[in-house]
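Close look at the chain arrangement
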Protein chains: 2
Amino acid sequence: MSITSDIIRGHTEAIILSSLLEQDSYGYQINKDIMKKTNNAYELKEATLYSAFRRLEQAGCIRTYWGDETVGARRRYYAITEDGRKAYQGYKQEWQEAKEIIDKLLK
Amino acid sequence: MSITSDIIRGHTEAIILSSLLEQDSYGYQINKDIMKKTNNAYELKEATLYSAFRRLEQAGCIRTYWGDETVGARRRYYAITEDGRKAYQGYKQEWQEAKEIIDKLLK
DNA sequence: AAATATACCTCATCTGTCAAGGTATATATT
DNA sequence: AATATATACCTTGACAGATGAGGTATATTT
């Protein structure tokens, strides 16, 4: 991983929500998707991922249910809620604004 | 201010170095410049600013000297060092990469 | 005399990240 | 049969940057 945690900080929840917009998924898979999308340039640390899940659930942005796997490890699935979709739109807007601001400041 | 601290987090040092690339300056002025450049969309909190100065000096990225004001409040000036210029290039590169990665992830 | 602007600073607290540890199942290798 | 690897979940404590709240001092405006 090349990108530092302080730069990505604050985007974790948006990244997770973005992934859940595509389809319900579970922690391990979400992280694999992130790696694939970024050509292995970025991955979430597990502890970061799970603490973000807790915050998102607490905030009502996601809901969770256990998968019905009969073989292999159990999977806890996450689904984005309506509040989560709204929150995502806010995060996206913030990102667009932040990009502009930082671009102006780093000349 | 609209941008949240967690999104700007990690950019503080780069923003200060960028300002010092233009000319030597002091805390109060640097913050005023940031506000002006961003049309008041962003300003550093004083405590954030000064803790960043400490880190930058510790890391050898800036050096400091007192202004010779005969009237008004004293000013502590900061100048970017050669190491600071190098660090800035690194920060800028990181920002370009981070932008790409986050843009890929927030669809 | 009081308020505002300039200009510096410290300290305690908060929050997201993450290293390090753990549990359990299934498959591939030795 | 034992070991390693991959999948899949989780918790805890520590760290570091950001910040609210407080402080000091000078000069100007009301």
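Quick look at the interface of chain B and chain A
- Listed by partner, the interface residues are 33 residues for chain B and 33 residues for chain A.
- Of the roughly 3,300 Å² buried where chain B meets chain A, counting both sides, 66% is carbon and sulfur surface.
- Summed over the shared surface of chain B and chain A, the result is four salt bridges.
- Where lysine 99 of chain A meets aspartate 103 of chain B, a salt bridge forms, and the shortest distance between an N and an O atom there is 3.0 Å.
- At 12 residues, the largest contribution of residues to the side of chain B that touches chain A is made by helix α5 (residues 82-105) of chain B.
- When its residues are assigned to classes, the side of chain B that touches chain A shows 16 nonpolar, seven polar and 10 charged.

Examining the protein's contact with DNA strand D
- Neighbouring DNA strand D are 26 residues, the closest being Tyr28, Arg75 and Arg76 of chain A together with Ser5 and Thr12 of chain B.
- Restricting attention to atoms of DNA strand D within 4 Å of the protein, one finds that 70% of them are sugar or phosphate atoms.
- At a separation of 3.4 Å, a phosphate oxygen of DNA strand D approaches a polar backbone atom of glycine 27 of chain A.
- Within the side chain of arginine 75 of chain A, a nitrogen or oxygen atom sits 2.4 Å from a phosphate oxygen of DNA strand D.
- Those elements giving two or more residues to the surface near DNA strand D turn out to be α3 (27-37), α4 (46-58) and β3 (76-80) of chain A together with α4 (46-58) of chain B.
- Within the surface near DNA strand D, the residues separate by chemical class into nine nonpolar, seven polar and 10 charged.

Conventions adopted
- Here, residues in each chain are numbered from 1, in the same order as that chain's written sequence.
- Key to labels: chains lettered from A, ligands numbered from 1, both in the order written.
- This being a predicted model, a pLDDT of at least 70 is required before a residue's local features are given, and a value of 80 or more before pairs of side-chain atoms are given or counted; all residues contribute to the totals for chains, interfaces and linings.
- Only hydrogens and water are set aside when side-chain values are computed; all heavy atoms of the structure are taken into account.
- Contacts are assigned to residue pairs that have any heavy atoms within 4.5 Å of one another.
- By convention, the term buried area covers the 1.4 Å-probe accessible surface removed from two parts as they join, with the contributions of both added.
- Salt-bridge detection follows one rule: a side-chain nitrogen of Lys or Arg within 4 Å of a carboxyl oxygen of Asp or Glu.
- Runs of E in the DSSP output that reach at least two residues are strands. Runs of H or I that reach at least four are helices, and both are numbered from the N terminus.
- We call Asp, Glu, Lys and Arg charged. Ala, Val, Leu, Ile, Met, Phe, Trp, Tyr, Cys and Pro are nonpolar, and the rest, Gly among them, are polar.
- One heavy atom within 4 Å of a molecule or strand makes the whole residue count as near it.
- Nitrogen and oxygen atoms within 3.5 Å of one another constitute a polar contact, given that in protein one can donate a hydrogen and the other can accept it, and given that sequence-neighbouring residues count only through two side-chain atoms.

Note that every value here comes from positions in space, so none of it alone points to a role or purpose.
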